[in-house]
Amino acid sequence: MEIHRFNPPIRTLMGPGPSDVHPRILEALSRPTIGHLDPHFVALMEEVKTLLQYAFQTDNALTMPVSAPGSAGMETCFVNLVEPGDEVIVCQNGVFGGRMKENVERCGGIPVMVEDPWGRAVDPQKLEDALKANPDAGVVAFVHAETSTGAQSDVKTLVGLAHKHDCLTIVDAVTSLGGTPVKVDVWGVDAIYSGTQKCLSCVPGLSPVSFNERAQEKIRDRKTKVQSWFMDLNLVMGYWGSGATRSYHHTAPVNTLYGLHEALLMLKEEGLENAWNRHQRNHLALRAGLEHLGMELIVPEDERLPQLNAVSIPEGVDDARVRGRLLTEYNLEIGAGLGALAGKVWRIGLMGHASRAENILLCVGALGAVLSDMGISVNTGEALSGVQKALQG
Ligand SMILES: *Cc1c(COP(=O)(O)O)cnc(C)c1O
């Protein structure tokens, strides 16, 4: 077998992530690598922390990127905040809540599950009932933006309930950060994690996290050592903490952090609110196009995420074949359904740099063309003018 240089095709990424990476970020990644304790790099780290505080809308000093993907940010929250025997209420309305349960169990904690239908937001009433029925619970965990279904939950209300019952909160904001409002301080979130490859338009591989004072206190007061050496925040802070001696903990992914710095700078230049509005506007345009093609979003209107659109697959259509043709004929990636929704929905992302008018037109046009070619009666022209109208409206 002869092995050649790897030249990836140029795709448009409209799935559940990774999303399109902006050329400015790709350029930043290719800048010269310097030492991770170099004063220039330490200065960059400080800026990354400040920019992350802006993205999360927080003054939390403990705000930084974990050197690994979103799942590691999730794990960082759980291993630090859950000790053996702790009761943790986990609200599940999709795939990622299930992973939270796994995390609680692996920390030796006791998960108390609050289940909601896939495609719906977390029901605050069910959380309140669980809090009353489980007075010993100390932590509540849930997903803000369920990427597996396209549902958005009401963080402010859920955090308020948790605090009323003296629980800390762990919030998954992997898909929400940069795409839809995330207000850590106003909402009082105690611990939150995100990812770089969704609405931040950066490459995969980093997980921004933020912990408030209450969460840090809980970590300091632990009776047992955090079982993960790599994720023990007491140790990580020696490297990332303000005024820290920057002693060696692990080698930071230097170039990936150049990328994150550039991505966050771009978010700041655009302005958070403008970014949220852009995601919302483009969501409405995509929705108009899909509805003209005869497809329905599965999430009720007031619980929908603008950056992840789960749409039901038309009757009799071969899911994998359509996605395969979009990829090979149009260089367009959309996502398949996960878990209970496998084969039933497509997940169309409009995340970060991918949330652009031309992508919506490409997606609606290509879907229309492929469906029509497969014998489904659709009016692609009407769908495209529906998109145009919504974009102008
Ligand atoms: C993508 C995603 C994750 C996991 O992030 P990775 O970077 O793939 O590890 C966790 N939670 C949600 C809601 C996600 O969308």
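Parameters at a glance
Residues numbered from 1 in each chain as written. Predicted model: local features only at pLDDT ≥ 70, side-chain atom pairs only at ≥ 80, totals over all residues. Heavy atoms only, no water. Phe/Tyr/Trp six-rings, centres within 6.5 Å; stacked < 30°, edge-to-face > 60°. Lys NZ or Arg CZ within 6 Å of the ring centre and 35° of its normal. Buried < 20%, exposed > 50% of the residue type's maximum accessible area, 1.4 Å probe, protein only. Helix = DSSP H or I, 4+ residues; strand = E, 2+ residues; numbered from the N terminus. Pairing = 2+ DSSP bridges. Domains from an automatic or database assignment. Contact = heavy atoms within 4.5 Å. Buried area = accessible area lost by both parts, 1.4 Å probe. Salt bridge = Lys/Arg side-chain N within 4 Å of Asp/Glu carboxyl O. Polar contact = N/O pair within 3.5 Å; in protein donor to acceptor, adjacent residues only side chain to side chain. Nonpolar A, V, L, I, M, F, W, Y, C, P; charged D, E, K, R; others polar.

A. Layout of the packing of aromatic side chains. For the structure shown, the criterion picks out zero aromatic pairs. Seen from the ring of Tyr-54, Lys-268 lies directly overhead, with NZ or CZ sitting 5.7 Å from the centre.

B. Examining the pairing of strand E8 (residues 168-172) more closely. By the criterion of burial, E8 is predominantly enclosed, with five of the five residues buried. Here E8 shows two buried faces, one formed by Leu-168, Ile-170 and Asp-172 and the other by Thr-169 and Val-171. Taken together, the five bridges between strand E5 (residues 139-143) and E8 define a ladder with parallel strand orientation. Along E8, the bridge assignment pairs Phe-142 with Val-171.

C. Main features of the domain arrangement of the protein chain. According to the domain assignment, the protein chain consists of domain 1 (23-268) and domain 2 (272-391). Put simply, the middle of domain 1 and the middle of domain 2, counted by C-alpha atoms, are 29 Å apart. Taken residue by residue, the interface counts 29 residues in domain 1 and 22 residues in domain 2. In total, domain 1 and domain 2 occlude about 2100 Å² of area from one another, counting both sides; carbon and sulfur atoms represent 65% of this. For the pair domain 1 and domain 2, the number of links is one salt bridge. Of the charged contacts, one joins Arg-120 and Glu-303 as a salt bridge, the two residues approaching to 2.8 Å between their closest N and O atoms. Across the contact surface, domain 1 and domain 2 share 10 residue pairs in polar contact (both at pLDDT 80 or more). Among the elements of the structure, helix H2 (39-56), strand E6 (145-146) and strand E7 (151-152) are those that each provide at least two residues to the side of domain 1 that touches domain 2. Its residues assigned to classes, the side of domain 1 that touches domain 2 shows 12 nonpolar, 13 polar and four charged.

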